[in-house]
Amino acid sequence: MDKKQYAIIEKYALPFVQTVFEKGQQEDVFEKLSQIKAVFAETGLADFLSHIGISDHEKEKSLRLFQNSGSQLLDNLIEIVILNHREDLFYEIVLESQHQLEKISNEFEVTLRSVQPLTASQKEKIRPVIEQKMGLKVRSLKEELDSSLIGGFVISANNKTIDASIKRQLQVVKEKLK
């Protein structure tokens, strides 16, 4: 994506996010954007909307399926995107809107990679530690299993990482021995 295209995406996302905060609908809109993002990931809709061989009418019909989402703000955003024939940028607008919502609210989805799944008790204990160490609020905790870590865990959010894995500790020891 070039700078010009990113500037266009921001022209849609930033005012939308500002209005969402003014109306106090961050949680609801964030959840709906997550659902839209999941649909795009499952269906490849972003490629369909950006394909030059697909008519504007077909692209419009596809985006209209997301209207009546229960969020008037989101429905209005979709309508504006359609009216300006920017259907091909809709997925990027959704991603940027989510990013801005996270950034402004300082609430992030945190990814925790470990060898074994954590228990509910462990998740509750680690949540405040993550918030304190990373200086953010945990919107949700997404777990990924990674046997290559040997033990321990790796936490990632907002371009920050805490690596408390045995694999990393062994790498540090190896570096010191050189």
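Relevant structure appears above.
Cut-offs used in this document
- Residues numbered from 1 in each chain as written.
- Predicted model: local features only at pLDDT ≥ 70, side-chain atom pairs only at ≥ 80, totals over all residues.
- Heavy atoms only, no water.
- Helix = DSSP H or I, 4+ residues; strand = E, 2+ residues; numbered from the N terminus.
- Pairing = 2+ DSSP bridges.
- Right-handed = clockwise from strand over helix to strand, strands pointing away.
- Axes fitted to C-alpha atoms, helices over the stretch in contact; angles between N-to-C directions.
- Contact = heavy atoms within 4.5 Å.
- Expected span 1.5 Å × (residues − 1).
- Buried < 20%, exposed > 50% of the residue type's maximum accessible area, 1.4 Å probe, protein only.
- Core = buried A, V, L, I, M, F, W, Y, C linked by side-chain atoms within 4.5 Å.
- Salt bridge = Lys/Arg side-chain N within 4 Å of Asp/Glu carboxyl O.

Caption draft 1: Molecular detail of the environment of I8. By the element assignment, I8 lies in helix α1 (residues 3-22). Through-space distance from the C-alpha of I8 to that of V110 is 28 Å; in sequence the pair is 102 residues apart.

Caption draft 2: Structural view of the pairing of strand β2 (residues 137-145). Relative to β2, strand β1 (residues 107-114) runs parallel, the two sharing 8 bridges. Of the residues in β2, the one forming a bridge with T111 is K142. Read from β1 through helix α7 (residues 120-134) to β2, the crossover connection turns out right-handed.

Caption draft 3: Quick look at the sheet that holds strand β4 (residues 160-165). An order of β2-β1-β3-β4 is seen for the 4 strands of this open sheet, with the pairing classed as mixed. Among the strands making up the open sheet, the edge pair consists of β2 and β4. Adjacent strand axes in the sheet meet at a mean angle of 15 degrees when their direction is disregarded. Each of β1 and β2 is contacted by helix α6 (residues 90-105), which is oriented at about 100 degrees to β1, the strand it contacts most. Across the sheet, helix α8 (residues 166-177) lies against β3 (152-157) and β4, angled at about 85 degrees from β4, the strand it touches most.

Caption draft 4: A look at α6. Compared with the 22 Å implied by 1.5 Å per residue over 16 residues, the 22 Å span of α6 between its first and last C-alpha is a close match. Every buried residue of α6 is listed here: F90, Y91, I93, V94, E96, S97, Q98, Q100, L101, E102 and S105. Among the residues trailing α6, N106 stands out with phi positive, at a value near 60 degrees.

Caption draft 5: Broad picture of the nonpolar core. Grouped together as the largest cluster of nonpolar side chains are 27 residues, with contacts concentrated most on F16, F40, L63 and F90. Counting residues per element, the ones that place at least two in this core are α1, α2 (26-43), α3 (45-50), α5 (72-83) and α6. Contact partners of F40, with chain neighbours within four places excluded, come to L45, A46, L49, F66, F90 and Y91. The next biggest cluster of nonpolar side chains, apart from the first, holds 10 residues, and it includes F108, L112, I130 and A157.

Caption draft 6: Structural view of unusual backbone geometry. For N106, which is not glycine, the phi dihedral falls at a positive 60 degrees. Structurally, N106 is set in the loop between α6 and β1. With phi around 50 degrees, N158 is a residue other than glycine that occupies positive phi space. One can find N158 in the loop between β3 and β4. On the basis of relative accessibility, which here comes to 31%, the residue N158 falls in the partly exposed class.

Caption draft 7: Quick look at the pattern of salt bridges. Counted under the stated rule, the structure contains 8 salt bridges. The salt bridge partner of R64 is E79, with a shortest N-O separation of 2.6 Å. Of this pair, R64 sits in helix α4 (residues 56-64) while E79 is found in helix α5, placing the two residues 15 residues apart along the sequence. In this structure E79 comes out as partly exposed when scored by relative accessible area, which is 24%. For E143, the salt bridge is made with K123, and the minimal N-O distance between the two is 3.0 Å. Separated by 20 residues along the polypeptide, E143 in strand β2 and K123 in helix α7 bring together distant segments of the chain.

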